[in-house]
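# Observations on chain architecture
Here is how the chains run, residue by residue.
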Amino acid sequence: AAAAAAAAGDGASTTAPRSSTATSFHVQRPPSIRVQPPDQKAFCRAHRDAEYGHQEGEVNFWMPLTGYARTQTTLWVESAPGSADFHPLELAPGEIAAFHGTLLHHRVPPNVSACTRVSLDFRVGVGKFFDPEWRLREAKAQHTRQEVVC
């Protein structure tokens, strides 16, 4: 019931009694919605999320809501930290990719199509690898999170 309440977004706690095998997940809530209208110059520069105050214990999840075939614009991610061998995530709308955005550079090139690109992304902090109290002082904003214990 708590999981259903959390999915409904009513703020109910999903924290269960902790056992020695339980893992906590800190899920970004709400997810970020990215809207990229047609523009031959606008783009998202290559960056790592650590530059924006995210921790190594977070995993990024990215889902396109518009098709790559329509915009020819998608998220590009390197295969290993510092490799600079960017490759496109050619996913169908509704498919989801996971990557380590804190360590891997990623970027979005300009949208040169006539269609607007829309995607959704969020991060999940995982168990002992994520400190929910830690904050980068220079960060302009912090995502809100919901703790889920499994």
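For the structure given in this document, a descriptive report is provided here. Just so we're clear, the structure is a prediction, and the values are computed from it rather than from any experiment.

### Let's talk about the pattern of salt bridges
Applying the stated rule across the entire model yields 5 salt bridges. Measuring nitrogen to oxygen at the nearest pair gives 3.4 Å for the salt bridge that ties Arg123 to Asp121. For the pair Arg123 and Asp121, one class covers both residues: buried. Through salt bridges with shared partners, a single ionic network connects Arg34, Asp49, Asp121 and Arg123.

### Let's talk about the sheet that holds strand β5 (residues 76–77)
Spatially, the 4 strands line up as an open sheet ordered β3-β8-β5-β6, and their pairing is antiparallel. What marks the edges here is a single partner per strand, and that holds for β3 (44–47) and β6 (87–88). In terms of strand pairing, β5 meets β6 through 2 bridges, oriented antiparallel. Note that in β6 the partner of Trp76 across the bridge is Pro88.

### Focus: empty space enclosed by the protein
One pass over the structure, following the stated rule, counts 1 cavity of 30 Å³ or more. Looking at the largest cavity, its volume works out to about 50 Å³. Taken together, Trp62, Pro64, Thr66, Gly67, Tyr68, Thr73, Thr74, Leu89, Leu91 and Arg117 make up the lining of the largest cavity. Class assignment for the residues of the lining of the largest cavity results in 5 nonpolar, 4 polar and 1 charged.

### What to know about the layout of surface pockets
Size it by volume and the largest pocket reaches roughly 770 Å³. Those elements that provide at least two residues to the lining of the largest pocket are β2 (32–36), β3, β4 (58–64), β8 (106–108) and β9 (117–126). Considered class by class, the residues forming the lining of the largest pocket number 15 nonpolar, 11 polar and 12 charged.

### Concerning the environment of Val35
Summarising the element assignment, Val35 is placed in strand β2. The exposure class assigned to Val35 is exposed, which follows from its relative accessible area of 54%. Expressed as a C-alpha distance, the spacing of Val35 and Ser119, which sit 84 residues apart in the sequence, is 6.7 Å. Contacts of Val35, omitting those with residues within four sequence positions, involve Thr116, Arg117 and Val118.

Calculation notes
- Residues numbered from 1 in each chain as written.
- Predicted model: local features only at pLDDT ≥ 70, side-chain atom pairs only at ≥ 80, totals over all residues.
- Heavy atoms only, no water.
- Salt bridge = Lys/Arg side-chain N within 4 Å of Asp/Glu carboxyl O.
- Buried < 20%, exposed > 50% of the residue type's maximum accessible area, 1.4 Å probe, protein only.
- Pairing = 2+ DSSP bridges.
- Helix = DSSP H or I, 4+ residues; strand = E, 2+ residues; numbered from the N terminus.
- 1 Å grid on protein atoms, 1.4 Å probe; cavity = no way out; pocket = protein on both sides within 12 Å on 5 of 7 lines; lining within 4 Å.
- Points joined across faces, edges and corners; volume = space filled by probe spheres on them.
- Nonpolar A, V, L, I, M, F, W, Y, C, P; charged D, E, K, R; others polar.
- Contact = heavy atoms within 4.5 Å.

Purely geometric numbers; function is a separate question.
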